[in-house]
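Structural characterization, general
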Amino acid sequence: MTRDSTARSTVAPGAASAAASAHPGLGPGLLLALVSALAFGTAGAVARGLLDSGWSPGATVLVRVSIGALAVLPFGVHALRGRWVLLRRSAGVVVLYGALAVAVAQFCYFSAVQHMQVAPALLVEYAAPVVVVGWMWWRRGEKPSALTLAGAAVAVAGLVLVLDLFSGAEVSVVGMAWALAAMVGLAGYFVISADERNGLPPMALASGGLVVGAVLLGLLGLTGLMPMSASTADAQYATFAVAWWVPLVVLGLVSAGFAYGTGIAASRRLGSRLASFVALLEVLAAVGFSWWLLAELPGAVQLAGGALVLLGVVGVRAGERRVVRREPLPA
């Protein structure tokens, strides 16, 4: 991540925000991050109609990723402009992105919403910015500030409330495990998307990752390691039903191809930490879509927990402006 890794001195609290506001890519980056979050936010509620009609999470995510790959591939090829050496040189990055940011994140999230409500599953998954901070500390020597650690603690407390443990509500252990796995995949999405060192254009990385993700998911299905079932029954939502193929088209074009492409472009402009913070808007979008399409709304305790998760990640982001690096600048 070029923006996250080049500066090695302690950043003053006001300097980081001033530099960011002066950066010409910040405005377009924020807009791209916003539309990406809204596009990703449709996934859980739209997919739930398919899952309830007999589709397995594996089949749903495989078709979704495959449609997204087919839609984005021409743009990825055009973005390379014949520079195939970039793709060969970054083959490992593309494979890792397809495996972690596409296959793991999407399959685990859809598996989670099969066992728990969309909004709580997404709130657990979107503790990923805390994981991103930990990764940057371990791999790049960016020591979190006290505010960052406090924000992480608040986010963890919010997750406890999201699970509604104190009211005696039944918690889906399976759903929670899937959501935590999706969180790891999402953290990988932010870290890899923001890394400009490979030289791959955003659309090339998005299309390559979606193709790899589709191939990996297909192999898991063929070997029987990932259950695959589908149905031609209408997808049922709270107040209406649609033909089975309509949700698949929306999932593939909107919440896969378009969402990944704009998300990578946003991360390149904003860096992994800020992009992961702005992407929290996906949680709000998912709550809105699940309320509209599924008549699902988390309980008061879970909403309070979600607010704490968001507050905690805001604290993490604010604390990262005071990040201290291990390596000082050369004299």
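Shown above is the structure to which this text applies.
Counting starts from 1 at the beginning of each chain's written sequence and moves along it residue by residue. Under the rules for a predicted model, residues below a pLDDT of 70 receive no local features and side-chain atom pairs below 80 are neither given nor counted, while totals for whole chains, interfaces and linings still include all residues. Hydrogens and water molecules were not included; the side-chain quantities draw on all heavy atoms of the structure.

Examining unusual backbone geometry
Backbone geometry places Arg-81, a non-glycine residue, at a positive phi of 50°. Helix numbers and strand numbers start at the N terminus; a helix is a DSSP run of H or I with at least 4 residues, a strand a run of E with at least 2. Examined against the element boundaries, Arg-81 turns out to sit in the loop between helix H5 (57-80) and helix H6 (84-89). The phi dihedral of Ala-295 falls on the positive side, at around 55°, and the residue is not glycine. A simple rule labels every residue: compare its accessible area, found with a 1.4 Å probe on the protein chains alone, to the largest value its type can have, and call it buried under 20%, exposed over 50%, or partly exposed in between. Judged by relative accessible area, Ala-295 falls into the exposed class, the value being 54%.

With respect to the packing of helix H4 (residues 43-52) against helix H15 (residues 281-294)
Every axis in this analysis is a line fitted to C-alpha atoms, fitted for helices over the stretch in contact. Angles between the N-to-C directions lie between 0 and 180 degrees. Look at H4 against H15: their axes get within 7 Å of each other, and the N-to-C directions meet at 30°. Accordingly, the angle class assigned to the pair H4 and H15 is roughly parallel. Along the contact surface, H4 presents Ala-45, Val-46 and Arg-48, while H15 presents Phe-289, Ser-290, Leu-293 and Leu-294. In the scheme used here, Gly and all other residues not listed as nonpolar or charged are polar, with Ala, Val, Leu, Ile, Met, Phe, Trp, Tyr, Cys and Pro taken as nonpolar and Asp, Glu, Lys and Arg as charged. For the contact of H4 with H15, the per-class residue count stands at 5 nonpolar, 1 polar and 1 charged. The cut-offs work like this: below 35 degrees is roughly parallel, past 145 is roughly antiparallel, 65 to 115 is roughly perpendicular, and the gaps in between are oblique. Whether two residues are in contact is decided by their heavy atoms, any of which lying within 4.5 Å being enough.

Details of the pattern of salt bridges
The salt bridge definition used is simple: a Lys or Arg side-chain nitrogen within 4 Å of an Asp or Glu carboxyl oxygen. Counted according to the given criterion, the structure contains 2 salt bridges. Taking the shortest distance from any N to any O, the salt bridge between Arg-48 and Asp-52 comes out at 3.3 Å. Here Arg-48 and its partner Asp-52 are both found in helix H4, 4 residues apart, which amounts to about one turn of the helix. Classification of Asp-52 as exposed rests on a relative accessible area of 56%. As a salt-bridge pair, Arg-48 and Glu-296 come within 3.1 Å of each other at their nearest N and O atoms. In this pair, Arg-48 is assigned in helix H4 and Glu-296 in the loop between H15 and helix H16 (300-320), connecting sequence segments 248 residues apart. Glu-296 sits in the buried class, given a relative accessible area of 11%.

Concerning the nonpolar core
Formed by 71 residues in total, the largest nonpolar core has its most connected members in Tyr-97, Tyr-109, Tyr-126, Tyr-189, Leu-217 and Tyr-260. At 11 residues, the largest contribution of residues to this core is made by helix H7 (residues 91-113). In contact with Tyr-189, not counting residues within four places along its chain, are Ser-36, Phe-40, Tyr-97, Ala-101, Ala-259, Tyr-260, Gly-263 and Ile-264. In this text, buried Ala, Val, Leu, Ile, Met, Phe, Trp, Tyr and Cys residues form a nonpolar core when linked through side-chain atoms within 4.5 Å. Listed in part, the 6 residues of the second largest apolar core include Ala-33, Leu-270, Ala-275 and Val-278.

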